[in-house]
Amino acid sequence: MRALTLVADRTLQLAEAPEPSAPGRDEVQIRVRAVALNHIDLWGFRGMAFAKRRLPLVVGAEAAGEIAVVGSEVTGLAAGDHVVMYGALTCGTCRACREGRDNLCENVGGVMGFHVDGFARDRVNLPARLVMAVPAGVALRDAACAPIAFSTVQHMLFDNARLEPGETILVHAGGSGIGTAAIQMAKDIGCTVITTVGDDDKGLKAKALGADYVINYRNERFEHVVRKLTAKKGVDVVFEHVGADTFNGSLLSLKRGGRLVTCGATSGPAASLNLMQLFQQQYRIFGSFGASMRNIRDALAKMQAGVRPVIDTEVELGDFGRGLERLESRQVFGKVVVTF
Ligand SMILES: [Zn+2]
């Protein structure tokens, strides 16, 4: 079978790999059909000196596929079922796992495709508890965007920021994979969405996706526009993932008691914080990473109800690197998905 491995920083190699052995009693063997790309793949591709991992490493963190074989003790899954896979090796037994807070697992074995071998290969064995069925009517290509992108947004907006219908939200980088998902999910419950983009073409696409207001951050300071649009009050929630370039402006965009939720720092990790502003304005700031199995199920249910991911580009397994470069160029609107 084929497997795509990272052999050195920025060097991917598509090669023949041995077929996996028969799945264990509580495992399933999955024929992988689609891998969706995320910023974490880009971090891994560029090289992360501090990350504990060994090369070569099979890449791919977010995926969907079809069950090929089930272990003898697996119930509820059968050969031919369409499934998505959780993107990290959680233990399944610690308190966080038992309570359904999978992304706070105390003994996590690593993120697939980043710390440990990922999904960019024809077949993979996985504990059945990390696999869940794709509902009828959801294509595998779309489902592949559920285990990380859609579920991360679900977790950020609804578990952390507790976004409510009728509220106003600022979504940064509305053309990114998670930005497009955040616009759709916020509009789906009847929020007013303000989003930032880096060019006018993306602005038109964000509007078509449902954004009420679009700010081209290259032409205008977004925090000024937000204050104007909200009659100087500010927004209820800011959806952050840009980091250094936007963090202070994001705080200035919040109303008193507003919530900022962040899952990324693509423009850099360091920002200063005015503590007077933090407590006087009673801001609530949430760090968010990954999602729970429940978030993935909720994301898949939303897809079934019609909130479909925006796919920017679909590439073949051999073009995984080209997909990453497209992501890196920021010339995307939506997700890059590798299908095979
Ligand atoms: Zn655990």
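Throughout this description, residue numbers start from 1 for each chain and increase along the sequence as written. Local features are withheld for residues below a pLDDT of 70 in this predicted model, meaning they are given only at 70 or higher, and side-chain atom pairs are given and counted only at 80 or more; totals for whole chains, interfaces and linings count all residues. Values shown for side chains rest on all heavy atoms present in the structure; no hydrogens or waters enter the calculation.

Some words on the pattern of salt bridges
Item 1. Any carboxyl oxygen of Asp or Glu within 4 Å of a side-chain nitrogen of Lys or Arg constitutes a salt bridge here. Counting across every chain of the model gives 21 salt bridges.
Item 2. With its nearest N and O atoms 3.8 Å apart, the salt bridge here joins arginine 25 to glutamate 73. Of this pair, arginine 25 sits in the loop between β2 (11–16) and β3 (27–36) while glutamate 73 is found in the loop between β5 (62–70) and β6 (82–85), placing the two residues 48 residues apart along the sequence. For the pair formed by arginine 25 and glutamate 73, the shared burial category is exposed.
Item 3. Ionic pairing is found between arginine 141 and glutamate 314, a salt bridge with its closest N-O pair at 2.8 Å. With arginine 141 in helix α3 (residues 140–143) and glutamate 314 in strand β15 (residues 311–316), the pair connects residues that are 173 residues apart, well separated along the chain.
Item 4. Here glutamate 314 falls in the partly exposed class, since its relative accessible area comes to 41%.
Item 5. One connected set of salt bridges, linked through shared partners, spans Arg10, Arg46 and Glu328. Segments assigned H or I by DSSP are reported as helices when at least four residues long, segments assigned E as strands when at least two residues long, and all are numbered from the N terminus. Between buried and exposed lies partly exposed: a residue is buried under 20% and exposed over 50% of the maximum accessible area for its type, with that area taken using a 1.4 Å probe on protein chains only.

Quick notes on the sheet that holds strand β14 (residues 284–287)
Item 1. We call two strands paired when DSSP finds no fewer than two bridges between them. The parallel open sheet is built from six strands, whose spatial order is β11-β10-β9-β12-β13-β14. Across the chains shown, the open sheet's two edge strands, defined by having one partner strand only, are β11 (213–216) and β14. Pairs of neighbouring strands in the sheet enclose a mean axial angle of 15°, with direction left out of account.
Item 2. Relative to β14, strand β13 (residues 254–262) runs parallel, the two being bridged by four bridges. Pairing of arginine 259 across the sheet is with arginine 284, part of β14. The convention used is that axes are lines fitted to C-alpha atoms, helices contributing only their stretch in contact, and that angles between N-to-C directions extend from 0 to 180 degrees.

Things to note about the environment of histidine 172
Item 1. Looking at the secondary structure, you find histidine 172 in the loop between β9 (168–171) and α5 (177–188).
Item 2. Using a relative accessible area of 1% as the deciding quantity, one classes histidine 172 as buried.
Item 3. Separated by 45 residues in the primary sequence, histidine 172 and tyrosine 217 place their C-alpha atoms 9.7 Å from one another.
Item 4. In this analysis, two residues are considered to be in contact whenever any of their non-hydrogen atoms come within 4.5 Å of each other. Beyond its immediate stretch of four places on either side in the chain, histidine 172 contacts Gly179, Thr196, Phe222, Val238, Phe239, Glu240, His241, Val242, Thr246 and Ser250.

Here we look at the packing of helix α4 (residues 146–160) against helix α10 (residues 293–304)
Item 1. One way to put it is that α4 packs onto α10 with a least axis distance of 8 Å and a crossing angle of 100°. On the basis of the axis angle, α4 is roughly perpendicular to α10. For the pair α4 and α10, the contacting residues are Ala146, Pro147, Phe150, Ser151, Gln154, His155, Phe158 and Asp159 in the first and Arg294, Asn295, Ile296, Asp298, Ala299, Leu300, Lys302 and Met303 in the second.
Item 2. Residue classes follow a fixed rule: Ala, Val, Leu, Ile, Met, Phe, Trp, Tyr, Cys and Pro count as nonpolar, while Asp, Glu, Lys and Arg count as charged, and any other residue, Gly among them, counts as polar. The residue makeup of the contact of α4 with α10, split by class, is eight nonpolar, four polar and four charged. An angle below 35 degrees is read as roughly parallel, one above 145 as roughly antiparallel, one from 65 to 115 as roughly perpendicular, and any other as oblique.

Notes on the side chain of serine 176
Item 1. Along the chain, the position of serine 176 falls in the loop between β9 and α5.
Item 2. Within the structure, the side chain of serine 176 is placed 3.0 Å from the backbone nitrogen of glycine 179, a separation counted as a polar contact.
Item 3. Non-local contacts of serine 176, meaning those with residues more than four positions away in its chain, are made with His241 and Gly334. Polar contact is the term for a pair of N or O atoms within 3.5 Å; when the atoms are in protein, one must be able to donate a hydrogen and the other to accept it, and sequence-neighboring residues count only if both atoms are side-chain atoms.

Things to note about the packing of aromatic side chains
Item 1. To pair, rings of Phe, Tyr and Trp, with the six-membered ring standing in for Trp, must have centres within 6.5 Å; the planes then decide the type, stacked if under 30 degrees apart, edge-to-face if over 60, and tilted in the middle. Scanning all chains against the criterion turns up zero aromatic pairs.
Item 2. Sitting over the ring of phenylalanine 114, arginine 53 keeps its end group 5.1 Å from the ring centre. Comment: the charge-over-ring label is applied if NZ (Lys) or CZ (Arg) is within 6 Å of the ring centre and within 35 degrees of the ring normal.

Describing unusual backbone geometry
Item 1. In this structure, proline 56 follows leucine 55 across a cis peptide bond, with omega equal to 0°.
Item 2. One can find proline 56 in the loop between α1 (39–46) and β4 (57–58).
Item 3. For arginine 162, which is not a glycine, the phi torsion comes out positive at approximately 50°.
Item 4. Along the polypeptide, arginine 162 turns up in the loop between α4 and β9.
Item 5. One non-glycine residue, arginine 330, adopts positive backbone phi at about 65°.
Item 6. The class for arginine 330 is partly exposed, based on a relative accessible area of 47%.

A look at helix α7 (residues 222–229)
Item 1. Residues Phe222, Glu223, Val225 and Val226 constitute the buried set of α7. What you see down the axis of α7 is that its buried residues fit within an arc of 160°, all on one side.
Item 2. Tucked inside the fold, the buried residues of α7 contact β9, β10 (192–197), β11, β12 (235–240) and α8 (247–252).
Item 3. Of the residues trailing α7, alanine 231 is marked for its positive phi of about 50°. The directions from the helix axis to the C-beta atoms form the arc being described.

Let's talk about a nonpolar patch on the surface
Item 1. Patches draw on residues past 30% relative accessible area with no salt bridge. Two like charges within 9 Å are joined, as are two nonpolar side chains (Val, Leu, Ile, Met, Phe, Trp, Tyr) within 5 Å. Using the Shrake-Rupley algorithm and a 1.4 Å probe, accessible areas are obtained, with residue cover drawn only from the displayed protein chains. On the surface, Leu273, Leu275, Met276, Phe279 and Ile285 cluster together into a nonpolar patch covering about 480 Å² of accessible area.
Item 2. Residue contributions to the nonpolar patch peak at three residues, all from helix α9 (residues 275–280).
Item 3. Here methionine 276 shows up in helix α9.
Item 4. For methionine 276, a relative accessible area of 48% puts it in the partly exposed group.

So, the coordination of the zinc ion
Item 1. Listed donors are limited to N, O and S atoms within 2.8 Å of the metal, widened to 3.2 Å for Na, K and Ca; water is not among them, so incomplete-looking sites are possible. Surrounding the zinc ion are the protein donor atoms Cys91 (SG), Cys94 (SG), Cys97 (SG) and Cys105 (SG), which sit 2.3 to 2.4 Å from the metal.
Item 2. Irregular is the default label, applied whenever a site is not tetrahedral (four donors, all angles between 85 and 135 degrees) and neither square planar nor octahedral (four or six donors, opposite donors over 155 degrees apart, all other angles between 65 and 115). One can describe the donor arrangement at the zinc ion as tetrahedral, given that its four donor atoms subtend angles of 103 to 119° at the metal.
Item 3. Written as a sequence motif, the donor arrangement for the zinc ion is C-x2-C-x2-C-x7-C. With a gap of eleven residues between them, cysteine 94 in the loop between β6 and α2 (95–98) and cysteine 105 in the loop between α2 and β7 (123–127) connect regions that are remote in the sequence. Side by side, cysteine 94 and cysteine 105 carry an identical accessibility label, which is buried.

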